[in-house]
Amino acid sequence: MKNKRNIILKDINLRMMRNKLRLSIIKAFAAQRLELLNSENKIYWKNGVVASENALKPNNEEKEKGRVLRRKMEDLKLKLDASICRCPSCQSYEKDMTFYPPWGSWVCSDCYFAYHEEWEAELIQRINTKDF
Ligand SMILES: [Zn+2]
């Protein structure tokens with residue numbers, strides 16, 4: 001998608017359903033990330049001590065497994081940030097979203113207003129139409 005696109009819901013019931021669905025997806029991402037983080041901790045924490053500081057240092061195979069886990073966690077974060085579920089700037093999942101082409105992701109309408117280049121013209125337009 002190369003152009004700005006708005007997804008705006010005016011009906012309060014639809015907004016509530018959208019927000020619950022977004023929150024469910026965000027919780028699923030968080031649960032998966034926590035699972036990956038626990039797996040990583042098993043590599044780098046042994047007997048309650050950071051493994052690099054004791055005799056049980058991770059071997060090369062464990063280090064590679066840790067790198068794969070970190071890549072998966074970063075990939076999850078990137079996918080969530082690029083999705084329409086949560087604004088990557090303010091973390092809101094309850095606002096209408098606008099596609100922001102420079103980032104290649106969706107941001108909430110408030111953040112879009114703060115970042116996009118024509119914000120002054122839009123501010124004047126909002127003042128003239130009393131759209132706040
Ligand atoms: Zn935002």
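It should be emphasised that the depicted structure is a prediction, and the values quoted were computed from it without experimental measurement.

Here's the deal with the sheet that holds strand β4 (residues 97-100)
Through backbone hydrogen bonds, the strands of a sheet pair up, either in parallel or in antiparallel fashion.
Then step 1. Pairing in this open sheet of three strands is antiparallel, and the strands run β1-β4-β5 from one edge to the other. Whereas interior strands pair on both sides, the edge strands pair on one side only; in this sheet they are β1 (5-7) and β5 (105-108). Averaged over all pairs of adjacent strands, the angle between their axes in this sheet comes to 30 degrees, without regard to strand direction.
Then step 2. Sheet topology places β1 next to β4; three bridges connect them, and they run antiparallel. Across the sheet, residue isoleucine 7 finds its bridge partner in β4, namely methionine 97.

Describing the nonpolar core
Then step 1. One finds Cys87, Met97, Tyr100, Trp106, Val107, Cys108, Cys111 and Tyr112 forming the largest nonpolar core, which totals eight residues.
Then step 2. Contributions of two or more residues to this core are made by β4, β5 and α3 (109-115).
Then step 3. If one sorts the elements of this core by residue count, β5 sits on top with three residues.
Then step 4. When neighbours within four sequence positions are excluded, cysteine 108 is seen to be in contact with Cys87, Cys90, Ser92, Lys95, Asp96 and Met97.

Focus: the pairing of β4
Then step 1. Two strands pair when backbone bridges link them, and β4 and β5 are joined in this way by four bridges, in the antiparallel orientation. Within β5, the position partnered with tyrosine 100 by the bridge is serine 105.
Then step 2. Linking β4 to β5, which pair antiparallel, is a turn of four residues; within it glycine 104 sits at a positive phi near 65 degrees.

What about the environment of glutamate 74?
Then step 1. Relative to the elements of secondary structure, glutamate 74 occurs in helix α2 (residues 60-82).
Then step 2. Between the alpha carbons of glutamate 74 and arginine 33 there is a distance of 9.1 Å; along the sequence they are 41 residues apart.

Some details on unusual backbone geometry
Then step 1. Backbone geometry places glutamine 91, a non-glycine residue, at a positive phi of 70 degrees.
Then step 2. Of note, glutamine 91 is situated in the loop between α2 and β4.

Let's talk about the confidence of the model for the protein
Then step 1. Averaged over all residues, the pLDDT of the protein is 87; the fraction at 70 or higher stands at 90%.
Then step 2. When pLDDT is averaged over each element of the protein, helix α1 (residues 12-44) comes out on top at 95 and helix α4 (residues 119-129) at the bottom at 72.

Conventions used here
- Residues numbered from 1 in each chain as written.
- Predicted model: local features only at pLDDT ≥ 70, side-chain atom pairs only at ≥ 80, totals over all residues.
- Pairing = 2+ DSSP bridges.
- Helix = DSSP H or I, 4+ residues; strand = E, 2+ residues; numbered from the N terminus.
- Axes fitted to C-alpha atoms, helices over the stretch in contact; angles between N-to-C directions.
- Core = buried A, V, L, I, M, F, W, Y, C linked by C-beta atoms within 7 Å.
- Buried ≥ 20, exposed ≤ 12 C-beta atoms within 10 Å, placed from the backbone.
- Contact = placed C-beta atoms within 7 Å.
- pLDDT = per-residue confidence, 0-100.

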